[in-house]
Amino acid sequence: MKRFQHAVPVILAGLILAAANPAFAQKREFQSKEELAGFLRERMPDFLKSDEQLKNLVGQILKTPLAPPLRETFDPNKALKALIPDGTSVPSTDCRRTSTPGGERDPGDCTATVGDESGAGAFTRFSHSKSIGFGNIKLVKRPPIPPQPPEPEKLPAVKVTDAQALEDALKLLTETLGLPKSELPLPPAGAKGGLPVRNLNVQGGEDGKLGTPITIQKVVFLQRGFQLGTPIPAGPASLTHIPGPGKAMVMYGAEGLAGLSVQGWQELRVDPDISESDTKSGAQLMDEIAEDLFNEGVRNAADIRMGAIVSSDQRNQIGLLLPAVQVFVLPVPDALSEEAQRQFAGQTTAGLIREYPLVHRKELSPLGRPRGE
């Protein structure tokens, strides 16, 4: 009897560029908001505890140089010709309809296809946000469906190395799609986890014996990030980049490019109503997080991790840059013993992710604008 299995490692994108505290194996119970606040205090990075460092962080984020937005750098016709060069694509009929009946920007996609998606032949679909300020671009490629499923051990393997896949992905994203290279930071040499490339492996065999794994796809994961003017001490390392709204993924198969996805690469602008003087104190921030998490029903956790991020206050397709902290509540330890796995059997082990502004927000008027002082 033949069988096969496939696996691809999962990446937690939200905190990859920010400092994270080491895991704590002991699970803690919270009977009150104060107990939860104490747990938070133990795990809050120094740059969030210190009012001086917190204000410095907010000031640097607000001064982050923003690259030109995609509406200035993304050329859909250029991208279409590069990704579907034979000119046989059929664009959707509503690509020119960029506004909703209510007069707001249409968040939908403009799509061009080659082939029949429901058929057995090759199919390609390229799509992008009609209003590119929403920042979504996607390419889906499907080869012809064979009449008989191939033997797992005979599947064609990817020919490119991790380094070449990363280089090709960066070139595609920047030169073809117009994403700014300055907002695609890479992990430093020797970083834990290596390059941001993961393999999709398939393993086949007979009689319970699995053969050699075959890499049928390489996936490059890139998180949008913004460089700080001055690194901020964060434990054993320094905080040099802050993750922001937007991520990209490029897939390569045996035949080359197999697909790509750019999600939420929103156009950002600096909020003129926020300044460094609006920064919350570390104590205010901790109390706010503890109260919100306790009200959300958090009564136990194995660990809570925090990292600075660039969030956005969305105004239709535009996002106003918002310094924030992302909090990830882990209900179970990262690594579970056999005994712990039996203990958590049948229980949800999904984490909770929340974001909190690092600045006081001004009250909005009925028109959605900040009120004057």
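Anything mentioned here points back to the structure above.
In this report, the structure presented in the accompanying data block is examined. (Residues numbered from 1 in each chain as written. Predicted model: local features only at pLDDT ≥ 70, side-chain atom pairs only at ≥ 80, totals over all residues. Heavy atoms only, no water.)

Some words on the overall build of the protein
1) Next: On a plain count of helices and strands, the protein comes out with eight helices and 16 strands.
2) Next: Across the 373 residues that make up the protein, the buried fraction comes to 42%.
3) Next: Restricting to contacts in the protein with at least 6 residues of sequence separation, those with at least 24 account for 68%.
4) Next: Accessible surface for the protein amounts to roughly 20,200 Å². Of this, 52% is attributable to carbon and sulfur atoms. (Helix = DSSP H or I, 4+ residues; strand = E, 2+ residues; numbered from the N terminus. Buried < 20%, exposed > 50% of the residue type's maximum accessible area, 1.4 Å probe, protein only. Contact = heavy atoms within 4.5 Å. Areas by Shrake-Rupley, 256 points an atom, 1.4 Å probe, with all protein chains shown as cover.)

Quick look at the pairing of strand E5 (residues 123-129)
1) Next: Of all seven residues that make up E5, six are buried, and the element is covered over most of its length.
2) Next: Bridge count between E5 and strand E6 (residues 137-142): six bridges; the pairing is antiparallel. Of the residues in E6, the one forming a bridge with Arg-125 is Val-140. (Pairing = 2+ DSSP bridges.)

Some thoughts on the packing of aromatic side chains
1) Next: Across all of its chains, the model carries one aromatic pair by this definition.
2) Next: Across the ring face of Phe-39, the terminal group of Arg-43 is positioned such that the distance to the ring centre comes to 3.7 Å.
3) Next: Stacked on the ring of Phe-294, the Lys or Arg Arg-299 has its end atom at 3.6 Å from the ring centre. (Phe/Tyr/Trp six-rings, centres within 6.5 Å; stacked < 30°, edge-to-face > 60°. Lys NZ or Arg CZ within 6 Å of the ring centre and 35° of its normal.)

Let's talk about the side chain of Gln-266
1) Next: Looking at the secondary structure, you find Gln-266 in the loop between strand E11 (256-263) and strand E12 (267-270).
2) Next: Apart from residues lying up to four places away in sequence, Gln-266 is in contact with Gly-133, Phe-134, Gly-135, Arg-224, Pro-245, Ser-312, Gln-314, Asn-316, Gln-317, Ile-318 and Gly-319.

Quick word on the nonpolar core
1) Next: In terms of nonpolar packing, the biggest core is built from 41 residues, with Leu-48, Leu-57, Leu-239, Leu-293, Ile-304, Val-325 and Val-327 touching the most fellow members.
2) Next: Listing elements by their share of this core, those giving two or more residues are helix H1 (33-43), helix H2 (46-49), helix H3 (51-62), strand E9 (214-234), strand E10 (237-253), helix H7 (282-295), strand E14 (303-315) and strand E15 (318-330).
3) Next: In terms of residue count, the dominant contributor to this core is H7 (six residues).
4) Next: The next biggest cluster of nonpolar side chains, apart from the first, holds 27 residues, and it includes Leu-70, Leu-166, Leu-172 and Leu-177. (Core = buried A, V, L, I, M, F, W, Y, C linked by side-chain atoms within 4.5 Å.)

Here we look at unusual backbone geometry
1) Next: Its identity is not glycine, yet Asn-316 carries a phi of approximately 60 degrees, on the positive side.
2) Next: Residue placement: Asn-316 occurs in the loop between E14 and E15.
3) Next: Residue Asn-316 is classed as partly exposed on the basis of its relative accessible area, which comes to 31%.

Details of the pairing of E6
1) Next: Note: E6 against E11, four bridges, orientation antiparallel. Residue pairing in the sheet places Lys-138 in a bridge with Ser-261 of E11.

Structural notes on the side chain of Ser-127
1) Next: The topology assignment puts Ser-127 in strand E5.
2) Next: For Ser-127, a relative accessible area of 7% puts it in the buried group.
3) Next: Beyond its immediate sequence surroundings of up to four residues, Ser-127 is in contact with Asp-109, Cys-110, Thr-111, Asn-136, Ile-137 and Lys-138.

Some words on the packing of H1 against H7
1) Next: Where H1 meets H7, the axes come as close as 9 Å, and the angle between the chain directions of the two elements is 125 degrees. Classified by the interaxial angle, the pair formed by H1 and H7 is oblique. In terms of crossing hand, the pair formed by H1 and H7 is right-handed. Residues Lys-33, Leu-36, Ala-37, Leu-40 and Arg-41 of H1 touch H7, and the partners they reach there are Met-286, Ile-289, Ala-290, Glu-291, Leu-293 and Phe-294.
2) Next: Its residues placed into classes, the contact of H1 with H7 shows eight nonpolar, no polar and three charged. (Axes fitted to C-alpha atoms, helices over the stretch in contact; angles between N-to-C directions. Parallel < 35°, antiparallel > 145°, perpendicular 65-115°, else oblique. Left-handed = near helix turned anticlockwise from the far one by under 90°. Nonpolar A, V, L, I, M, F, W, Y, C, P; charged D, E, K, R; others polar.)

What about the environment of Gln-326?
1) Next: Its place among the elements puts Gln-326 in strand E15.
2) Next: Taking the C-alpha atoms as reference points, Gln-326 and Glu-355, 29 residues apart in sequence, are found 4.5 Å from one another.

Looking at H1
1) Next: Those residues of H1 that sit buried are Leu-36, Ala-37, Gly-38, Phe-39, Leu-40 and Arg-43.
2) Next: Where the residues of H1 are buried, they touch strand E2 (28-29), H7, strand E13 (300-301) and E14.

Section: the state of the cysteines
The bond known as a disulfide is covalent and runs between the sulfur atoms of two cysteines.
1) Next: Applying the stated rule across the entire model yields one disulfide.
2) Next: Bridging Cys-95 to Cys-110, the disulfide has an S-S length of 2.0 Å. A torsion of 90 degrees about the S-S bond marks the disulfide between Cys-95 and Cys-110 as right-handed. A residue pair is termed long-range when its members are at least 10 positions apart, and Cys-95 in the loop between strand E3 (90-91) and strand E4 (109-114) and Cys-110 in strand E4 qualify at 15 residues.
3) Next: We classify Cys-95 as buried; its relative accessible area is 18%. (Disulfide = S-S within 2.5 Å.)

Thoughts on H7
1) Next: Helix length check: H7, at 14 residues, gives a terminal C-alpha distance of 20 Å against a target of 20 Å (1.5 Å per residue), a fit within 8%.
2) Next: Buried within H7 are the following residues: Gly-282, Leu-285, Met-286, Ile-289, Ala-290, Leu-293 and Phe-294. For H7, the angular spread of the buried residues around the axis is 150 degrees, confining them to a single face.
3) Next: Packed against the buried residues of H7 are H1, H2, H3, E14, E15 and strand E16 (352-357).
4) Next: The first or second residue beyond H7 is Gly-297, which carries a positive phi of 95 degrees. (Expected span 1.5 Å × (residues − 1). Arc of directions from axis to C-beta.)

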